[in-house]
Amino acid sequence: MTQHVYDDYFFDEPAYNTHDGGYVPLEVADAPESQLAIPPLLKPDKETDTDAWYTLEAQKGETQILPGAKTKTWGYNAPLLGTTLAFEVGKHIHVTLKNSLDELTTFHWHGLSVSGPYVDGGCHAPVYPGESKEIDFTLDQPAATTWLHAHPCPSTAEQVWHGLAAMVLVRDQHEASLPLPRTYGVDDIPLVLQDRRFHENNQWDYHADYDPDGVQGPTAMINGTVNPVFDVTTQKLRLRILDGANRREWRLHFSDDLQFTQIASDSSLLPEPVQLTHLMLTCAERAEIIVDFKNYKEGDTVTLFSDDVPIVKFRVHAFKPDNSVLPDHLIDINAPEVLPTTPVRKIVMSGMDEQVAIDGKKFNMQRIDATQPIGLAQYWDVTNTNSMNGGMVHPFHVHGTQFLVISRNGGAPYPNEHGYKDTVGVNPGETVRLLVRFDLPGVYMYHCHIIEHEDGGMMAQIQTYDPNKPMPKYKLMDMETLTQAFAKERGVDPDTMWMAGMDSYKKMGMKM
């Protein structure tokens, strides 16, 4: 039976970021083509059949991105971005978190089911300069492409902009049994999509570029590479694509409208492969796609575009025929039952610029906005109240869990949204129903993942708990402590210190 091929981006076109007043279009950089950087896999310090130990260091560096001066950058075990981590489901993972920066940071495991708030690595888990902290966890979730990034409110956006973002691959036996490309760096390739503006001497200037609706730059940077080229030596490639930008949506398609197959979204394989020629990702979303070069020959070039701007060139070399066939069914998705007595949680994302809020409130680090027992499945109706004219897509992210997208305005989800996810784009005027269940107790944040929006207060937090035990109390970080720490580390007066997220609070006459 012929499968349907989807040739649109699904999201509402009037809400694309191209219509923003502050939109920064991509431009092809005046720089030579470079080999696509492939972050190396981080090797464990020690490993047994049951446990693995890693050291993860946030560090400063310099990176040759453009001709001329090197750019000052941050990364994890690398000058920029980071080494890729790969975790096996069921193995007990021990991580030493080391901060070699000049200011505090956190290590947030975006997409991992780990306990909150301390292991999860949100704003309540700072690691101060020169310090190390030990965390450990055992994963019980499907194979997925997840990621790690800094999350110190209200400086998350600035630290990610400096380069603190890295891929984290979750592997399990089911995924390993499928006929998928999985030779990392050869036919299994991470693509971290970001954008930057380069100022004098090839440096980044976050303050100069700041926009409360999200910082953008005209230069696409893929795995930290400008004008990248990848040498294709196999008939099929598996691309693990992450929208790692602060604000930019990526609308992806290949030259010749080459068809490709999406096999996974944020947090799992899709139940069935989906055939596409166009794919849109909002901030923090991921997609795994299979690209088949069977109709190309040695010497051909296939280009990946975002809108009409080339971002990666795939240079085809000789390859052996690959007759492997994807199964029609990739994974069973067993939705947990929602009891008819369980109320629907209603969440409203509102505003733009400094006025962003969730449920009419800006984030308060010590306020618990909701509670939910572990093991209880609940519908969350997430509404974006922005008007279509001048509105924007808000990508909604929940820490510490994987959810299912049940409906969009009462209709079906998009065809590639039937697996587990942790981030979903919500169109202006739309209500997206999610099925959410937490398996671990803790405090977790949920927020818009336009990173300047979360720093500006479009964030809330939920406490999950074991209903058979007393509700625990967690020591939650407060903004005064963080502000004083940042000011001391930067050597400035806390009353005059500029922090992007605080602008939104100050302009609204509020405190975090």
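Starting from 1, residues in each chain are numbered consecutively following that chain's sequence as written. Reporting in this predicted model follows two pLDDT cut-offs: at least 70 for local features of residues, and 80 or more for side-chain atom pairs to be given and counted; totals over whole chains, interfaces and linings ignore these cut-offs and use all residues. As a convention, hydrogens and water are excluded, and side-chain values are obtained from all of the structure's heavy atoms.

Notes on the nonpolar core
To keep it simple, the criterion reads: Definition used in this section: a nonpolar core is a set of buried Ala, Val, Leu, Ile, Met, Phe, Trp, Tyr and Cys residues joined via side-chain atoms within 4.5 Å. With a 1.4 Å probe rolled over the protein chains alone, any residue whose accessible area is under 20% of its type maximum counts as buried; one over 50% counts as exposed, and the rest are partly exposed. Working definition: helices are DSSP H or I runs of at least four residues, strands are E runs of at least two. Numbering for both runs from the N terminus. By the convention used here, residues are in contact when the closest approach between their heavy atoms is within 4.5 Å.
Counting 43 residues, the largest nonpolar core has Leu191, Leu239, Phe254, Phe293, Ile311 and Phe314 as the members making the most contacts within it. Ranked by the residues each element gives to this core, the list is headed by strand β23 (residues 309–316), at five residues. Setting aside chain neighbours within four positions, we find Leu191 in contact with Leu36, Met167, Ile222, Asn223, Leu239, Arg240, Ile241, Leu242 and Leu304.

Quick look at the UniProt feature "domain: Plastocyanin-like" (unreviewed entry) in the protein
Where we set the bar: UniProt positions are given in the numbering used here, feature names are shortened, and annotations may be inferred rather than shown by experiment.
As recorded in UniProt, the sites labelled "domain: Plastocyanin-like" (unreviewed entry) are residues 59–174 and 341–465. Between the C-alpha atoms that bound residues 59–174 there is a distance of 35 Å. The span itself is 8% helix and 41% strand.

Digging into the packing of aromatic side chains
We count it as follows: The aromatic pairing rule takes the rings of Phe, Tyr and Trp, using the six-membered ring of Trp, and pairs them if the centres are within 6.5 Å, calling planes under 30 degrees apart stacked, those over 60 edge-to-face and the rest tilted. Remark: a charge is flagged as sitting over a ring if the NZ atom of Lys or the CZ atom of Arg is within 6 Å of the ring centre and within 35 degrees of the ring normal.
Enumeration according to the criterion identifies 24 aromatic pairs in this entry. On the numbers, 5.5 Å between centres and 70° between planes, the contact of Tyr54 with Phe87 is edge-to-face. Of the two residues, Tyr54 is situated in strand β4 (residues 51–63) and Phe87 in strand β7 (residues 85–88); the sequence distance between them amounts to 33 residues. When sorted by exposure, Tyr54 lands in the same class as Phe87, which is buried. Judged by centre distance (5.5 Å) and plane angle (80°), the ring pair of Tyr210 and Trp498 falls under edge-to-face. Remark: Trp498 occurs in the loop between α5 (479–490) and α6 (500–507) and Tyr210 occurs in the loop between α3 (206–209) and β14 (219–222); sequence separation between them is 288 residues. Among the aromatic residues, those joined into a ring-pair cluster are Phe230, Phe254, Phe260, Phe293, Tyr296 and Phe314. Arg251 extends its terminal NZ or CZ atom over the ring of Tyr16, reaching a point 4.3 Å from the ring centre.

Structural notes on α5
Applicable threshold: In this analysis, the expected span of each helix is defined as 1.5 Å times one less than the number of residues it contains. Under this definition, polar contacts are N or O atom pairs within 3.5 Å; protein pairs additionally need one hydrogen-donor-capable and one acceptor-capable atom, and for neighbouring residues in sequence, both atoms have to be side-chain atoms.
A rise of 1.5 Å per residue sets the reference length of α5, with its twelve residues, at 16 Å; its end C-alpha atoms lie 16 Å apart and thus fit the reference within 8%. Along α5, the residues classified as buried are Met479, Leu482, Thr483, Ala485, Phe486 and Ala487. Turning to α5, the residues buried within the fold contact α1 (156–162) and α6. The N-cap residue of α5 is Asp478: its side-chain oxygen and the backbone nitrogen of Glu480 are 3.2 Å apart. Gly491 sits one or two residues past α5 and shows a positive phi near 70°.

Some thoughts on the sheet that holds strand β32 (residues 442–448)
Going by this rule: By the convention used here, strands pair only if DSSP detects at least 2 bridges between them. Here an axis means a line fitted to C-alpha atoms, over the contact stretch when the element is a helix, while the angle between two N-to-C directions is reported on a 0 to 180 degree scale.
Taking strand neighbours across the sheet as the criterion, the five strands line up as β26-β33-β32-β28-β30 in an open arrangement whose pairing is mixed. The sheet is open, and its two borders are formed by β26 (370–373) and β30 (423–426), each paired with just one other strand. Neighbouring strand axes in the sheet, compared pairwise and without regard to direction, differ in orientation by 25° on average.

Overview of the sheet that holds strand β16 (residues 236–243)
One open sheet accounts for seven strands, arranged β1-β19-β18-β21-β16-β13-β14; its pairing is mixed. Bordering the open sheet on either side are β1 (5–6) and β14, each of which pairs with just one other strand. As paired strands, strand β13 (residues 188–196) and β16 are joined by six bridges and run parallel to one another. Bridged to Ile189 within β16 is Leu239.

Observations concerning α6
Within α6, six of the eight residues are buried, which leaves it mostly tucked inside the rest of the structure. Where α6 is buried, its residues touch α3, α4 (451–455) and α5. Positioned one or two residues after α6, Gly509 has a phi angle of 65°, which is positive.

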